[in-house]
Amino acid sequence: MSSIIQLLPDHVANQIAAGEVVQRPASVVKELMENSVDAGSTEIKLVVKDAGKTLIQVIDNGKGMSVTDARLCFERHATSKIRHAEDLFALGTKGFRGEALASIAAIAHVEMKTKQDQEELGTHIVIEGSKFVSQDVAVLPKGTSFSVKNLFFNIPARRNFLKSDTVEFRHVVDEFERVAMAHANIHFVLIHNGSEMFNLPASNTRQRIVNIFGGRTNEKLVPVNETTEIVSINGFVCKPEFAKKNRGEQFFFVNDRFIKSAYLHHAVMAAYEGLLKDGTQPGYYLYLDVPPNTIDINIHPTKTEIKFDDEHALYAILRSAIKHSLGQFNVAPVLDFDRDATLDTPYDYEKKDVGMPTIQVDSSFNPFADDSDDKPTQTFSGGGSRSSSSSSFSSSYSSPTFKKDKMPSWESLYNGLNTSTDEIAEISFESEEVTGSLFNDEEVEQTAHKTYQIHKKYIVSPIKSGMVIIDQKRAHQRVLYEQFLANITVQLGSSQQLLFPLTLHFNKSELGIIKEMKESLQNTGFVFDEFSDDHIVVSGLPVNVAESEVSILLEELLNDLEQEVPDTSFSQSDSIAKSMSRSLAVKTGVALTEKEQETMVNALFACKEPGVSPFNKPTFITLSVEDLDKRFAL
């Protein structure tokens, strides 16, 4: 029998490996930027076109590569980061597997320009789908420039699975922010489709966070600092009043590497116990430094998961450190009846030396100075017999004299009033309450209840064949969805103007998404007065949107759009209508009046598709009389 096992060609193996390493354009951004950080760069520029589908270019001023290294770096398992297996437990770099560049070159057109500082000339290499096209000598500045074009050009299926530019660019921004936050000492620039999105100069950690997420972030931050033998924790957590419903700004960095950890997230939530509203999540930016030999990074293709030696101790330290910070800054309430809050030492002054207080004395002040204007004059009067007031003491003060004007008494108000009771006795009053009606009692038809609400969740309405049971939340979602969709695509929705415009703060990437949706949101009834770098001003709202719901509505809309796949303008409008209908629909547990129930039922069955909600869930079920008879026939 002939052998059937054979060794795969390198280009096929690289494409298979690329499926794990490169999932979307953001994966390329992560790998190339981390390589630039490992190269010791102080300036890194990221240029993106069409959310990375057309071009991803990373330019740095790092140490560059020699001619041999430039050619060898595209081979599988070629790396400068480790030499032995033991090096995996002493990592000081971002990359170590040597798979990223080989995987990227297998599925895209790659152009690399690199030069070392001591060399006069650099190297220019062009690769298309793992095939070397050219390698030339070129005059280049110090550092490396990677250009990745036409991602997934030879894997059409993978390219078709990519989402819209809005969603993909959001993932690119996420990776950019994670690398930029982990290295505040490096200058980062992001340019998308020719416009500069971020320009982050080298700074400290707090300033880097503020530069990325907007100036208003500064007032949200509470510092966290704790150093132990196991871990050193630095960073910031957000105050409880700024908690959001979605898990937005939550970052863990271990040894300057972004990770995801549900276990550590639970420790943060435990520290906020009793301080958050139901369903809200706090923001945090936490940097953990642990000995490299106590963690294992090589357990996930994207390196976003880490195994710790002593997770339980890390959990306890993280929880206690956050609780301590919230207490130090009086964010968390302290139940101590004997404590005087005015005597607490401020956090910044806790470790400062205590100095002797200084006393200022006015040397010109004389308490015995004689001031005749302020002192009373005393006079003694004598004469007369001993029984007279010869020994009396009288003091006369030079004080103003008050004259009391003679005011008329209150009785003068009633002068001339006739007090005779004869006229009062002649006045007649109605003895019975007037209960007249425009209609006769026979003409008033008593209408019976047409709808009933059960457990503040379902609406029951009788029909000829039995009854209909309607889920009020899903039904209202369907009604609102069709209203918003009609307003966006067919006609303009009515708007209610605000007396005082609302100012809402967002970060740059969120503002970019809102700008793309601006026309659709205006069709629903929103009116925008101003778009700034970190906030928007809203002066008008759709009729059925309350002023207090605007911030929550837009946050949920942004979160939904990141998860959806809006490929065309219509589907983006569809996503907006779905998100707004879910946010504004009446919730389970809300009592409805009889009129509201009837309106809900009539509006539902006036819809084009009353049977399902916008999320393809049934809105009502029908129970016939025969079904009920069968239940009672047991």
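Fair warning: this is a prediction, and the values are worked out from it, not measured in the lab. Throughout, residues of each chain are indexed from 1 in the direction in which the sequence is written. Local features in this predicted model are restricted to residues whose pLDDT is 70 or higher, and side-chain atom pairs enter the listing and the counts only when it is 80 or higher, whereas totals over whole chains, interfaces and linings include all residues. Excluded from the side-chain calculations are hydrogens and water; all other atoms, namely the structure's heavy atoms, are used.

1. Brief notes about the overall build of the protein chain
- A tally of regular secondary structure across the protein chain gives 17 helices and 24 strands.
- To sort residues, take the accessible area from a 1.4 Å probe on protein chains only and compare it with the maximum for the residue type: under 20% means buried, over 50% means exposed, and anything in between is partly exposed. Going through the 634 residues of the protein chain one by one, you find that 41% of them count as buried.
- The criterion used for residue contact is that any of the two residues' heavy atoms lie within 4.5 Å. Residue pairs in contact within the protein chain that sit at least 24 positions apart in sequence constitute 67% of those at least 6 positions apart.
- Only the protein chains shown count as cover for residues, and all accessible areas are computed by the Shrake-Rupley method using a 1.4 Å probe. A total accessible area of about 38,600 Å² is found for the protein chain, and carbon and sulfur atoms account for 51% of it. Here a helix means four or more residues in a row that DSSP labels H or I, a strand means two or more in a row labelled E, and each is numbered from the N terminus.

2. Re the packing of aromatic side chains
- Centres within 6.5 Å are what make two rings of Phe, Tyr or Trp a pair, Trp counting through its six-membered ring; a difference in plane orientation under 30 degrees is then read as stacked, over 60 as edge-to-face, and the rest as tilted. A complete count under the given rule lists 16 aromatic pairs for this structure.
- Taking 6.1 Å as the distance between ring centres and 65° as the angle between the ring planes, the aromatic pair formed by F251 and F258 counts as edge-to-face. Here F251 and F258 have matching classes, each one buried.
- An angle of 15° between the planes, with centres 5.9 Å apart, marks the rings of F251 and Y285 as stacked. Pair noted here: F251 is in strand β11 (residues 250-254) and Y285 is in strand β13 (residues 284-289), with a separation of 34 residues, a long-range link. Neither residue differs from the other here; F251 and Y285 are each classed as buried.
- Joined through ring pairs, the aromatic side chains of F213, F251, F253, F258, Y285 and Y287 make up one cluster.

3. With respect to the packing of helix α6 (residues 165-182) against helix α12 (residues 508-516)
- Whenever a helix is involved, its axis is fitted only over the stretch in contact; in every case the axis is a line through C-alpha atoms, and angles between N-to-C directions fall within 0 to 180 degrees. As a packed pair, α6 and α12 sit with axes 10 Å apart at the nearest point and diverge in direction by 170°. Overall, the two elements α6 and α12 adopt an arrangement that is roughly antiparallel. Seen from above, α6 lies across α12 with right-handed handedness. Listed contacts from α12 to T166, R170, V173 and E177 of α6 are S509, E510, I513 and E516.
- Gly is put with the polar residues, along with every residue not named as nonpolar or charged; the nonpolar set is Ala, Val, Leu, Ile, Met, Phe, Trp, Tyr, Cys and Pro, and the charged set is Asp, Glu, Lys and Arg. Broken down by class, the residue content of the contact of α6 with α12 amounts to two nonpolar, two polar and four charged. When describing relative orientation, an angle under 35 degrees is termed roughly parallel and one over 145 degrees roughly antiparallel, while 65 to 115 degrees is termed roughly perpendicular and anything else oblique. Less than a right angle of anticlockwise turn of the near helix away from the far helix marks a crossing as left-handed, whereas a clockwise turn marks it as right-handed.

4. What about helix α2 (residues 25-38)?
- Given a rise of 1.5 Å per residue, 14 residues ought to cover 20 Å, and the 20 Å separating the end C-alpha atoms of α2 matches this to within 8%.
- Within two residues after α2, G40 carries a phi angle of roughly 75°, on the positive side. Helix span, expected: 1.5 Å multiplied by one less than the number of residues in the helix.

5. Re the packing of α2 against α6
- Interhelical geometry of α2 versus α6 gives an angle of 20° and a closest axis separation of 8 Å. Judged by the inter-axis angle, α2 sits roughly parallel to α6. The element α2 and its partner α6 pack so that their crossing is right-handed. Taken together, the residues of α6 that come into contact with α2 (itself represented by P25, A26, V29, K30, M33, E34 and V37) are E168, H171, V172, E175, F176 and V179.
- Grouping the amino acids of the contact of α2 with α6 by side-chain chemistry returns eight nonpolar, one polar and four charged.

6. Here we look at the pairing of strand β8 (residues 195-200)
- As paired elements, strand β7 (residues 187-192) and β8 share five bridges and run antiparallel to each other. Bridging from a neighbouring strand, L190 pairs with F198 of β8.
- Once β7 ends, the chain turns through two residues before running back antiparallel as β8, passing N193 with a positive phi of about 50°. For two strands to pair, DSSP has to find at least two bridges joining them.

7. Thoughts on the pattern of salt bridges
- Here, a salt bridge means any side-chain nitrogen of Lys or Arg that lies within 4 Å of a carboxyl oxygen of Asp or Glu. Applying the stated rule across the entire model yields 10 salt bridges.
- The partner of E249 in a salt bridge is K244, with the nearest N and O atoms 3.9 Å apart.
- For E249, a relative accessible area of 12% gives the class buried.
- Residue R478 is joined to E482 by a salt bridge in which the shortest nitrogen-to-oxygen separation is 3.0 Å. Taken together, the residues R478 and E482, both in helix α11 (residues 472-489) and four residues apart, mark about one turn of the helix. The residues R478 and E482 share a single accessibility class, namely buried.

8. A closer look at a positive patch on the surface
- Nonpolar side chains (Val, Leu, Ile, Met, Phe, Trp, Tyr) within 5 Å and like charges within 9 Å form the patches, drawn only from residues with over 30% relative accessible area and no salt bridge. Just so you know, the count uses Lys and Arg for positive and Asp and Glu for negative, and it drops His and the chain ends. The location of each charge is read from NZ of Lys, CZ of Arg, CG of Asp or CD of Glu. A contiguous patch of positive charge on the surface is contributed by K245, K473, K587 and K617.
- Here K617 is to be found in the loop between α16 (594-605) and β24 (620-624).
- Taking the relative accessible area as the measure of exposure, K617 reaches 44% and is therefore partly exposed.

9. Details of the sheet that holds strand β23 (residues 535-542)
- Pairing is antiparallel in the open sheet, where three strands are placed in the order β21-β23-β22. Here the strands that pair on one side only, and so sit at the sheet edges, are β21 (495-505) and β22 (527-531). Sheet twist, expressed as the mean angle between neighbouring strand axes with direction ignored, is 15°.
- Note that β21 and β23 share seven bridges and pair antiparallel. Counterpart to Q496 in the pairing with β23 is L541.

10. Some thoughts on α6
- Over its 18 residues, α6 extends 26 Å from the first C-alpha to the last, a length consistent with the 26 Å expected when each residue adds 1.5 Å.
- Of all 18 residues in α6, 16 are buried; the element is thus mostly enclosed.

11. Some remarks on the side chain of H265
- Its location among the elements puts H265 in helix α8 (residues 262-271).
- If we skip the residues at most four places from it in the chain, H265 touches R247, Q250, F252, Q281 and Y284.

12. Concerning the confidence of the model for the protein chain
- Residues of the protein chain with pLDDT of at least 70 account for 76%, and the chain-wide mean is 79.
- This stretch, residues 438-448, has a pLDDT under 50; its non-local contacts, to residues over four places away or in other chains, come to one contact.
- Residue-level confidence of the predictor, termed pLDDT, takes values from 0 up to 100. Predicted confidence is poor over residues 565-570, with pLDDT under 50, and the contacts of this stretch with residues over four places away or in other chains come to 11 contacts.

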